[in-house]
Amino acid sequence: MKRYPKKDRDQALSILQRLAENDEQLTQPQAVKLALLDQYLIKNRELVTSEFIDRFRHLEYELTELAIIQRVAFDNFAEFTNCLTLAGRFGCLARLVRGGDFSGTDSLHIWPLLAALAVNDSPTITAYKKQFVPPFLTGHKVTVLACNAVYAILGATPVTENLRNKLTSLKDSKYSMAMLQSLAAIINQDMDSFIDNIRIMVKSHRSQQEYSPLEKCYCVNAHALVNLWRFHTTNAPLRQLDLPLPWQNELNAFFTSGHESIPIKFDPLGECDLSDLPIDQNTLALIHSLTT
């Protein structure tokens, strides 16, 4: 397992110390997870929809941070994958509870969907496919195009010539263009182009200004696209990828040794009551599919 540079390890430890400044037990990953669940999932029948969403989003963010801390500071691969999967489920729950326009044409949910694809969490991927119906029309041009391309690859909508052309012709940052061209390569079954563009994504990941220092330690989108090729197409098996950090070679190997998804069961709703929220029965069924 490749060791992160000292500056990354120090950054991860400093964030963990802030989490644990009032409780030394919170340096243990299981204790942190339980503390987070206890903090955000408290029984309260007076909660409105926005408060549930805020709680789930906080859990999504903090569990993602905890996952990266465990990998960067302690080389704890098991907690890395477990926390990422939990984070992805809470991210999906937030979007399921939100409903309205958010489950219509908005493309922003592509980023948590990619987080689920990065750990190939099948129940979460399925929930997104059932809840969100393409075409997606609202958002930044890269986000809209990536979202529609991913859903087309997942079989939710046909691949059109217009989509193929836009994926290879849209001009944006080097990182974004590599991501879009990776999606085009999946559609075109072009392995050489795909691997070249994944390499560009990994190499340029740390220069993306929108990411926090911790997020720069894990190239989530590159892993998502690799799993999209491997597990959601009939394309030829990919060659072995041996890329430098922030690519996680261990995560890549984990999904090539018979582990096609990470099964995880938990009760994220705890004592919370969703019965008074404006959630339809189909959405409630999706929520339960992620939690039982």
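Treat the numbers as computed from the prediction; the structure is a model and nothing was measured.

About the cut-offs
- Residues numbered from 1 in each chain as written.
- Predicted model: local features only at pLDDT ≥ 70, side-chain atom pairs only at ≥ 80, totals over all residues.
- Heavy atoms only, no water.
- Salt bridge = Lys/Arg side-chain N within 4 Å of Asp/Glu carboxyl O.
- Helix = DSSP H or I, 4+ residues; strand = E, 2+ residues; numbered from the N terminus.
- Buried < 20%, exposed > 50% of the residue type's maximum accessible area, 1.4 Å probe, protein only.
- Expected span 1.5 Å × (residues − 1).
- Polar contact = N/O pair within 3.5 Å; in protein donor to acceptor, adjacent residues only side chain to side chain.
- Phe/Tyr/Trp six-rings, centres within 6.5 Å; stacked < 30°, edge-to-face > 60°.
- Axes fitted to C-alpha atoms, helices over the stretch in contact; angles between N-to-C directions.
- Parallel < 35°, antiparallel > 145°, perpendicular 65-115°, else oblique.
- Contact = heavy atoms within 4.5 Å.
- Nonpolar A, V, L, I, M, F, W, Y, C, P; charged D, E, K, R; others polar.
- Core = buried A, V, L, I, M, F, W, Y, C linked by side-chain atoms within 4.5 Å.

Asks: So what exactly am I meant to see when it comes to the pattern of salt bridges here?
Replies: Two side chains of opposite charge can pair, provided their charged atoms sit close to one another. Counted according to the given criterion, the structure contains 12 salt bridges. As a salt-bridge pair, Arg57 and Glu60 come within 3.1 Å of each other at their nearest N and O atoms. Within this pair, Arg57 and its partner Glu60 are both found in helix α3 (residues 49-74), separated by three residues, close to a single helical turn. The exposure class assigned to Arg57 is partly exposed, which follows from its relative accessible area of 36%. By relative accessible area, which is 16% here, Glu60 ends up buried. Connected via shared salt-bridge partners are Arg3, Arg71, Asp75 and Glu250.

Asks: I tried to follow helix α4 (residues 77-98) on my own but got confused; where do I start?
Replies: One turn of an α-helix holds 3.6 residues; hence residues three or four places apart share an orientation. The terminal C-alpha atoms of α4, which comprises 22 residues, lie 32 Å apart, in line with the 32 Å expected from a rise of 1.5 Å per residue. Two or three places before Ala78, at the start of α4, stands the capping residue Asn76, its side-chain oxygen 3.5 Å from that residue's backbone nitrogen.

Asks: Would you take a moment to explain the packing of aromatic side chains for this structure?
Replies: Ring pairs (aromatic) are described by centroid distance and by the angle formed between their planes. Enumeration over the complete set of coordinates arrives at 10 aromatic pairs. An angle of 35° between the planes, with centres 4.9 Å apart, marks the rings of Phe194 and Trp229 as tilted. Taken together, the residues Phe194 in helix α10 (residues 191-204) and Trp229 in helix α11 (residues 220-231) connect sequence positions 35 residues apart. Residue Phe194 is classed as buried on the basis of its relative accessible area of 0%. Residue classification places Trp229 among the buried positions, given a relative accessible area of 1%. Cluster of aromatic residues (ring-pair linked, three or more members): Phe77, Phe80, Tyr218, Phe231, Phe254 and Phe255.

Asks: Looking at this structure, how should I read the packing of helix α9 (residues 174-188) against α11?
Replies: To describe two helices that pack against each other, one gives the angle between their axes and the distance between the axes. For the pair α9 and α11, interaxial distance at closest approach is 10 Å and the crossing angle is 5°. When the axes of α9 and α11 are compared, the pair comes out roughly parallel. Every residue of α11 that contacts α9 at Tyr175, Met179, Ser182, Leu183, Ala185 and Ile186 is listed here: Asn221, Leu225, Leu228 and Trp229. Within the contact of α9 with α11, the residues separate by chemical class into eight nonpolar, two polar and no charged.

Asks: Whenever I open this one, the nonpolar core confuses me. Can you help?
Replies: Most often, soluble globular proteins have nonpolar side chains that are buried together. Among the nonpolar cores identified, the biggest contains 95 residues, and Leu183, Phe194 and Ile198 are the most heavily contacted of them. When near neighbours in sequence (up to four residues on either side) are disregarded, Phe194 contacts Ser182, Ala185, Ile186, Leu225, Val226, Trp229 and Leu238.

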